[in-house]
Amino acid sequence: MKIKILVFGQLSEIINASELELLAINNTDELNKKLFELYPKLEDIKYTLAINKKIIHENTQLYHEDIVALLPPFSGG
Amino acid sequence: MSFTQNNDRYHRQIILKEFGETAQQKLLNAKVLVIGAGGLGCPALQYLAAAGVGAIGIIDFDVVTITNLHRQILFSANDIGKQKAATAAIKLAQINPEIQIQIYNFQLTNKNAIELFANYDLVIDGTDNFATRYLINDACAILNKPLVYGAVLRFEGQVGVFNLIDNETKIKTNYRDLFPEPPNPLNAISCNEAGVIGVLPGIIGTMQATEAIKIITGVGKPLCNKIISYNALQNSFYDFEITPVLNPIETFPQNEMEFLNFNYEWFCSSKDNVSVISFIDFEELRTKEKITIIDVRERNELPLVNEFDFISIPLNELPNLLASIPTDNKIVFFCKSGNRSLKAVKLFYEKYPQITAFSLIGGIHAWQQFNNKT
């Protein structure tokens, strides 16, 4: 099972890319845990998570080839 | 107001078959409040005025600085030091003398927001800090007022529409459904520190004006329950469907009374063990004892501070200059809005955990307004 992750704003600086792929992730809690292991600085940013462009607020099941987007808040104007 | 006497001015949009005289009349009857005459506010204001929005309100308590000019295109070099709201109003009156422009040269707070917003049909958020963004969102949610949101940083921008019911799904969402928890200011970065490419707020601010025009006229499909993320480097867009938060972690005001009692500065401040000082406590501390005050803004940043003596150490120079700070008194760091000074306190504590240091909550700009009033 393969998940594609897109990152936005200052998150791309932390992972040093705008996207990455992870294998064998079953749900969004597992995904966050894995991301925090790989990139500990991500834990400091309160990002919003969307699966296939739909924002989710609770732990959600992931399926093969899902696209998960991580959107951080920013406030510049 | 009727558009008939100004038919030529709006001719090119009136001849659009989707738009026509009906939509133009709706624009002329509309009242729009633009919060912040900055990078987002300038282009939004220009297009709303040009398009013939009948009444436009501008709220901003800032003055024009030279660092604004690369993106805040309503202002010219000879406007430096002038009030933004008043200067913007003069420029807009030159673009379209047939509309009403009202300026509010004061800071938006939860004490004045409800009364102010009630006079308008729609609000455009062009502010530059999280506390004000949550405040605007909550006031619009309580008043059930459509809010066109925009934000920029570096090469990326976000635009969306809140508090607008989707007629098909009957769902209505707002900023708290997008970002239920405010970011820790120690990790949040502003354009003052991180930079922003000049054209970016031009694009996002213009998209905000577009959404406002669509909502007012009913032409097209507004970005209802959606947020769009734009990347200028890739020239790419990505959209997110916002879904309501069913179990909020953070409580937020549900009515006007709760809104008035909600402390937005505190809500968006660091919940880590970093000490902050309020305006009142800062005044008391200043009068009671000798303290060292440090300005961590860039050297050319406004406003000028002549109410007390201070040392200037821009935040990026602070790590190298920590040893030069006198530590015989308590220390208060300040910056424009209170975020950089918070980072300064954290840096300071790493070297001097035993010295009492504070960050002036809300920043020097708001402090000066507070000080002038009291």
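Residues numbered from 1 in each chain as written. Chains lettered and ligands numbered in written order. Predicted model: local features only at pLDDT ≥ 70, side-chain atom pairs only at ≥ 80, totals over all residues. Heavy atoms only, no water.

Undergrad: I would appreciate a short explanation of helix H2 (residues 20–29) of chain B in the present structure.
TA: Since one α-helical turn is 3.6 residues long, residues separated by three or four positions face the same way. Regarding H2 of chain B, the residues found buried are Gly 20, Ala 23, Gln 24, Gln 25, Leu 27 and Leu 28 of chain B. Contact partners of the buried residues in H2 of chain B: helix H1 (11–14), helix H3 (41–51) and helix H9 (199–217) of chain B. (Buried < 20%, exposed > 50% of the residue type's maximum accessible area, 1.4 Å probe, protein only. Helix = DSSP H or I, 4+ residues; strand = E, 2+ residues; numbered from the N terminus. Contact = heavy atoms within 4.5 Å.)

Undergrad: Looking at this structure, how should I read the interface of chain B and chain A?
TA: How big an interface is tends to be stated in terms of the accessible area lost upon association of its parts. With 39 residues of chain B at the contact, the number on the chain A side is 25 residues. The contact between chain B and chain A buries some 2,800 Å² in all, and 57% of this surface belongs to carbon and sulfur atoms. By the criterion of area lost to chain A, the three top residues of chain B are Phe 179, Tyr 238 and Phe 240 of chain B, representing 22% of everything that side buries. Inspection of the region where chain B meets chain A yields 2 salt bridges. With its nearest N and O atoms 3.2 Å apart, the salt bridge here joins Lys 53 of chain A to Asp 239 of chain B. Where chain B packs against chain A, one counts 17 residue pairs in polar contact (both at pLDDT 80 or more). In terms of residue class, the side of chain B that touches chain A is made up of 20 nonpolar, 11 polar and 8 charged. (Buried area = accessible area lost by both parts, 1.4 Å probe. Salt bridge = Lys/Arg side-chain N within 4 Å of Asp/Glu carboxyl O. Polar contact = N/O pair within 3.5 Å; in protein donor to acceptor, adjacent residues only side chain to side chain. Nonpolar A, V, L, I, M, F, W, Y, C, P; charged D, E, K, R; others polar.)

Undergrad: Whenever I open this one, the state of the cysteines confuses me. Can you help?
TA: Linking two cysteines covalently through their sulfur atoms gives a disulfide. Residue and element names in this part refer to chain B. Within the structure shown, the criterion is met by 0 disulfides over all chains. The cysteine Cys 224 is free of any disulfide, with Cys 140 supplying the nearest cysteine sulfur at 14 Å. Accessibility expressed as a relative area gives 11% for Cys 224, which makes it buried. (Disulfide = S-S within 2.5 Å.)

Undergrad: Hey, could you run me through the packing of aromatic side chains in this one?
TA: Residues and elements named next belong to chain B. Per the stated rule, a full pass over the model turns up 25 aromatic pairs over all chains. Summarising the aromatic geometry, the rings of Tyr 149 and Tyr 175 are spaced 5.2 Å apart at their centres and angled 40 degrees between planes, so their arrangement reads as tilted. Linking Tyr 149 in strand S5 (residues 147–153) with Tyr 175 in helix H7 (residues 175–178), this pair joins segments that are 26 residues apart in sequence. Among the residues examined, Tyr 149 registers a relative accessible area of 1% and is labelled buried. For Tyr 175, a relative accessible area of 1% gives the class buried. Ring geometry for Phe 348 versus Tyr 352: centroids 4.9 Å apart, planes at 40 degrees, classification tilted. (Phe/Tyr/Trp six-rings, centres within 6.5 Å; stacked < 30°, edge-to-face > 60°.)

Undergrad: What am I meant to see in the pairing of strand S2 (residues 55–59) of chain B here?
TA: Looking along a regular strand, one sees the side chains alternate between the two faces of the sheet. All names here are of chain B. Judged by how many residues are buried, S2 sits mostly within the fold: 5 of 5 residues are covered. Residues of S2 alternate between two faces, with Ala 55, Gly 57 and Ile 59 on one and Ile 56 and Ile 58 on the opposite face, all of them buried. By the bridge criterion, 5 bridges tie strand S1 (residues 31–35) to S2 in an arrangement that is parallel. Looking at the pairing, Leu 33 lines up with Gly 57 of S2. Regarding topology, H3 serves as the crossover connection from S1 to the parallel S2, and that connection is right-handed. (Pairing = 2+ DSSP bridges. Right-handed = clockwise from strand over helix to strand, strands pointing away.)

Undergrad: Explain the environment of Lys 46 of chain A to me, please; I cannot follow it from the model alone.
TA: Structurally, Lys 46 of chain A is set in the loop between helix H2 (28–38) and strand S3 (48–51). Owing to a relative accessible area of 34%, Lys 46 of chain A belongs among the partly exposed residues under this scheme. Taking the C-alpha atoms as reference, Lys 46 of chain A lies 19 Å from Ile 67 of chain A; in sequence the two are 21 residues apart. Among residues more than four places away in sequence, those in contact with Lys 46 of chain A are Pro 73 of chain A together with Phe 179, Glu 181 and Pro 182 of chain B.

Undergrad: So what exactly am I meant to see when it comes to the packing of H3 of chain B against H9 of chain B here?
TA: Residue and element names in this part refer to chain B. For the pair H3 and H9, interaxial distance at closest approach is 7 Å and the crossing angle is 40 degrees. The pairing of H3 with H9 is recorded here as oblique in orientation. Considering only the axes of H3 and H9, their crossing is right-handed. Mapping the contact onto sequence places Pro 43, Ala 44, Tyr 47, Leu 48 and Ala 51 in H3 and Pro 201, Gly 202, Gly 205, Thr 206, Ala 209, Ala 212 and Ile 213 in H9. Residues that form the contact of H3 with H9 fall into these classes: 9 nonpolar, 3 polar and no charged. (Axes fitted to C-alpha atoms, helices over the stretch in contact; angles between N-to-C directions. Parallel < 35°, antiparallel > 145°, perpendicular 65-115°, else oblique. Left-handed = near helix turned anticlockwise from the far one by under 90°.)

Undergrad: Help me understand unusual backbone geometry, please; the structure alone is not making it clear to me.
TA: For residues besides glycine, phi is generally negative; the peptide bonds are generally trans as well. All names here are of chain B. In this structure, the amide linkage connecting Leu 302 to the following residue, Pro 303, adopts the cis form with an omega of 0 degrees. Inspection of the secondary structure assignment puts Pro 303 in the loop between strand S10 (291–295) and strand S11 (311–312). With phi around 60 degrees, Asn 225 is a residue other than glycine that occupies positive phi space. Mapping Asn 225 onto the fold places it in the loop between H9 and strand S7 (226–231).

Undergrad: Quick question: what am I supposed to make of the packing of helix H12 (residues 279–288) of chain B against helix H15 (residues 363–373) of chain B here?
TA: When two helices pack together, their arrangement is given by the angle between their axes and by how far apart the axes lie. All names here are of chain B. Two numbers describe how H12 lies on H15: the axes approach to 11 Å, and their chain directions differ by 80 degrees. By the angle between their directions, the pair H12 and H15 is classed as roughly perpendicular. Side by side, H12 and H15 meet where Phe 279, Ile 280, Phe 282, Glu 283 and Arg 286 of the first sit next to Gly 363, Ala 366, Trp 367, Phe 370 and Asn 371 of the second. Of the residues contributing to the contact of H12 with H15, the split by class is 6 nonpolar, 2 polar and 2 charged.

Undergrad: It is not clear to me how the pattern of salt bridges should be interpreted in this structure. Could you clarify?
TA: Working definition: two side chains of opposite charge can pair if their charged atoms are close together. Residue and element names in this part refer to chain B. Counted according to the given criterion, the structure contains 17 salt bridges over all chains. Across the pair Glu 283 and Arg 286 runs a salt bridge, and its minimum N-O distance is 3.0 Å. Of this pair, Glu 283 and Arg 286 are both found in helix H12, 3 residues apart, which corresponds to roughly one turn of the helix. Assessed through its relative accessible area of 18%, Glu 283 is described here as buried.

Undergrad: Honestly, the environment of Asn 119 of chain B in this entry has me stumped. Any pointers?
TA: As for its position among the elements, Asn 119 of chain B is in the loop between helix H5 (113–117) and strand S4 (122–125). Separated by 88 residues in sequence, Asn 119 of chain B and Lys 31 of chain B have C-alpha atoms that sit 7.6 Å apart.

Undergrad: Just to check I follow, could you spell out the domain arrangement of chain B for this structure?
TA: Residue and element names in this part refer to chain B. Splitting chain B by domain gives domain 1 (4–263) and domain 2 (276–373). Put simply, the middle of domain 1 and the middle of domain 2, counted by C-alpha atoms, are 32 Å apart. The interface of domain 1 with domain 2 comprises 15 residues on the first partner and 13 residues on the second. Roughly 1,300 Å² of surface becomes buried between domain 1 and domain 2 when both sides are summed, with 58% attributable to carbon and sulfur atoms. (Domains from an automatic or database assignment.)

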